[in-house]
Each structure stands twice: as structure tokens, then as C-alpha cells.
Amino acid sequence: MKILILGGAGMIGQKLLSLILQKKEIKSKKVSEITLFDIINAPYPENSSIPIITKSGDISDPKVSNDLILSKPDIIFHLAAIVSGQAEQEFDLGWNINTRGSWGLFEAIRSQGDSYCPRVVFTSSIAVFGDKAPLTKTPQSAFLNPSTVYGISKAAGENWAQYYFTKYGLDIRSIRYPGIIGYQSMPGGGTTDYAVDIYHSAVKNEVFSCFLDSETKLPMMFMNDAVRSTIELMKSPIENINTRTSYNLAGMSFSPNEIYKEIKKSYPSFRIEYKIDFRQTIADKWPKSIDDNEARNDWGWKPKYNLTSMTFIMLEKLKEIYNKTD
């Protein structure tokens, strides 16, 4: 079984790679090859027992997508994206990577003919919702009127996914990630990335400067849950996938003040200050909590981590990382 991970150098891509290398099989089939694609060459363990190929390039170029599909991977994880903060500042880059990149991938698969039908997991985001959607327990079917480049591009990707499934039978399945929190890499400038950066500041004994208001509550998820959900969606029987735009996914919801108080249980002297920037406007239009009943009912999704258990792991792992670099 061949696997292609687009966005293989990113935080989620790296964690997904690690999990696949540990299991060494997907759906009881041995993984024979993993290709990591990103704008830069993705890191990977050189002693891997599974052959790993790295490729770099611009996913918005249709020729790049066509080249990636020539080896006909059986499973494709499409994680490549420009995150919300950067996309808002470089909207042409955000649109090209997030929208043209998705369309180009789907079209490259279709062009191979009916005999080629891989499973594709496209990762969307809660950014697809706007001020027309209920902000609390946002339902699966809420109206989409995103107000950011990131949200607009992800909503377009969801519609392309449904179009290519309905018209061509491509097995594209998708989930809407909330904010993802992990210790594997540094935050990348997204609206929810404060919830990663704050742990680094605590472990380094630094005052944390937060760009969101103290009471701004947003949906979040620990990295382990996010990657597990991605694998579980991919493994689910095709007859269980009833949503072909994108499934809502929920883990926990909290504000900067709540995560700050949780960290202070371990670091009593930890301090936070608030310097609000343009990302506050983005966050104000995003859901505060998510209704993910359809994912739970269709393919058995259920989160394992809450704010307390996630905070314990984040602090312990980051302490290990910083102790090694001292």
C-alpha cells in the first residue's frame, strides 16, 4: 500500500507519519511506501523500515499534482494549506495553495481514469463558518459564509470534494479541524496557534503575549486526537461516509484565560499579557463550540483528551524537548 501525505513537513503531517511508521500497516495492509510532499523537503527518520520519498514543490501547480499521482498512491492525506493568519496577509498565496491545490489534486486523480480510485482525506476547518452560523454548538449543516481567505478557500475545497464524489465517484472524505495543539513543532501563525505558543512560553519561563482577548473561546483539539480522527475517517467503510463536504469535529473549547489558569497549576509564577491583533477579528466570527454528532454517529468519532490531560502532556513533552537543547 502506497501513501501520499501532502503537507508532510507540517505539524500534523509529521505526527501522521510517526503513527503510520509505528503501525506499519493500514486496514491490515502493509505499507510499502510513503511519499512526503511539501514546499520544503519534509524531515523523516533515516532508519525507517518503510521506504520514504520526499518531494517538494508548489501544490497549486497542476503539473505538480499530476506528477504526484503518477505512482498511484492508494491513500492520500491532503493536509497542505496556508493557515488563517498568513492567508489573510498573503491572500493570493492562501487562495492558490488552499483552493487551486485542492482542485488540482482532485482533477489529477480523475484524469487517471475510472480504474484508479484512492481514498483521499481532505482536511478542512471550522473557518468555513461565518456570522450566519450559530456560534455555539455549530451544527454540521450550518450556513457557510466565511469571512477570511482561509475559510473561503476551505469552503471551496469542500464543495470541490463533494462535486468530484458526486460526478466522478472519487472517494474524497473530509473533516473540519478546530484549532490543533501539539508539541511536535512550533506554532505557524494561525488564529488558534496562541494555544500552542503559550505552553512554550510557560516552559521557557517567559511572559506570554496573547493576541486574542482573555475570554475569546474557540474550539480546540489535541494533536493525538486530530491525527487519530484523520486515520479513523480514512479507515471507515465507504458506506458509512454520508457527508461528502466535510464532517464537523469537536474536542474541547476554552479561552486564553482558561488555558492560562490550567498552566498556572504547574507554573504558579507564569504570567500572561494581552496585545490584541488582527486575529481577534477572525476569532470573533468563528464558532465557540462545535456539534459533531454526525461524525460520532457515522464513523464512531469520540475525543479522548480534555484541557487538563492535554496540558499535562504538553508541559511534560516540552520540558523534555527544552532540556535536550540546553
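This structure is a prediction, so every number in the text was calculated from the model and none was measured. (Residues numbered from 1 in each chain as written. Predicted model: local features only at pLDDT ≥ 70, side-chain atom pairs only at ≥ 80, totals over all residues. Heavy atoms only, no water.)

1. Some details on the overall build of the chain
Step number 1: Looking only at helices and strands, the chain has eleven helices and 14 strands in total.
Step number 2: In terms of overall dimensions, the chain is globule-like: its C-alpha atoms have a radius of gyration of 19 Å, near the 20 Å expected for 326 residues.
Step number 3: Viewed in the frame of its principal axes, the chain has a C-alpha envelope of about 60 × 50 × 40 Å.
Step number 4: Split into buried and exposed, the 326 residues of the chain put 55% on the buried side.
Step number 5: Looking at the chain alone, contacts between residues at least 24 apart form 78% of all its contacts between residues at least 6 apart.
Step number 6: Surface exposure of the chain reaches about 14100 Å², of which carbon and sulfur atoms provide 49%.
Step number 7: Between the centroid of the 38 positive side chains of the chain and the centroid of its 36 negative side chains there is a distance of 5 Å. (Helix = DSSP H or I, 4+ residues; strand = E, 2+ residues; numbered from the N terminus. Rg over C-alpha atoms; globule rule 2.2 N^0.38 Å. Buried < 20%, exposed > 50% of the residue type's maximum accessible area, 1.4 Å probe, protein only. Contact = heavy atoms within 4.5 Å. Areas by Shrake-Rupley, 256 points an atom, 1.4 Å probe, with all protein chains shown as cover. Lys, Arg positive; Asp, Glu negative; His and termini not counted. Charge placed at Lys NZ, Arg CZ, Asp CG, Glu CD.)

2. Here we look at the pairing of strand β4 (residues 33-38)
Step number 1: Burial analysis of β4 places six of its six residues in the buried class, which makes it a mostly covered element.
Step number 2: Summarising the sheet, β4 and strand β5 (residues 52-56) pair through five bridges and their orientation is parallel. Residue pairing for β5: Leu36 is matched across the bridge by Thr54. (Pairing = 2+ DSSP bridges.)

3. Topic: the packing of aromatic side chains
Aromatic ring pairs: the centre-centre distance and the angle between the two ring planes describe each pair.
Step number 1: Applying the stated criterion across every chain, the model contains twelve aromatic pairs.
Step number 2: On the basis of an interplanar angle of 85° and a centroid distance of 6.2 Å, the ring pair of Phe106 and Phe122 is categorised as edge-to-face. Taken as a pair, Phe106 in helix α4 (residues 91-110) and Phe122 in strand β7 (residues 119-125) lie far apart in primary sequence, 16 residues in all. With respect to class, Phe106 is no different from Phe122; both count as buried.
Step number 3: With a centroid separation of 6.3 Å and an interplanar angle of 90°, the aromatic rings of Tyr194 and Phe211 are classed as edge-to-face. Taken together, the residues Tyr194 in helix α6 (residues 194-203) and Phe211 in the loop between β10 (208-210) and β11 (218-222) connect sequence positions 17 residues apart.
Step number 4: You can call Phe211 buried: its relative accessible area is 10%. (Phe/Tyr/Trp six-rings, centres within 6.5 Å; stacked < 30°, edge-to-face > 60°.)

4. Structural notes on the layout of surface pockets
Step number 1: In this structure, the largest pocket occupies an estimated 1100 Å³ of space.
Step number 2: Among the elements of the structure, α1 (11-23), β4, α3 (84-89), α4, β7, α5 (149-168) and β9 (179-181) are those that each provide at least two residues to the lining of the largest pocket.
Step number 3: Classifying every residue of the lining of the largest pocket gives 23 nonpolar, 15 polar and four charged.
Step number 4: Leu19, Lys23, Val227, Arg228 and Ile231 are the residues nearest the centre of the second largest pocket, which is lined by 18 residues in total.
Step number 5: Going through the elements one at a time, α1, β2 (25-26) and α7 (223-235) are the ones with two or more residues in the lining of the second largest pocket.
Step number 6: Ranked by residue count, the leading element in the lining of the second largest pocket is α7, at eight residues.
Step number 7: Among the residues making up the lining of the second largest pocket, the classes are represented as seven nonpolar, two polar and nine charged. (1 Å grid on protein atoms, 1.4 Å probe; cavity = no way out; pocket = protein on both sides within 12 Å on 5 of 7 lines; lining within 4 Å. Points joined across faces, edges and corners; volume = space filled by probe spheres on them. Nonpolar A, V, L, I, M, F, W, Y, C, P; charged D, E, K, R; others polar.)

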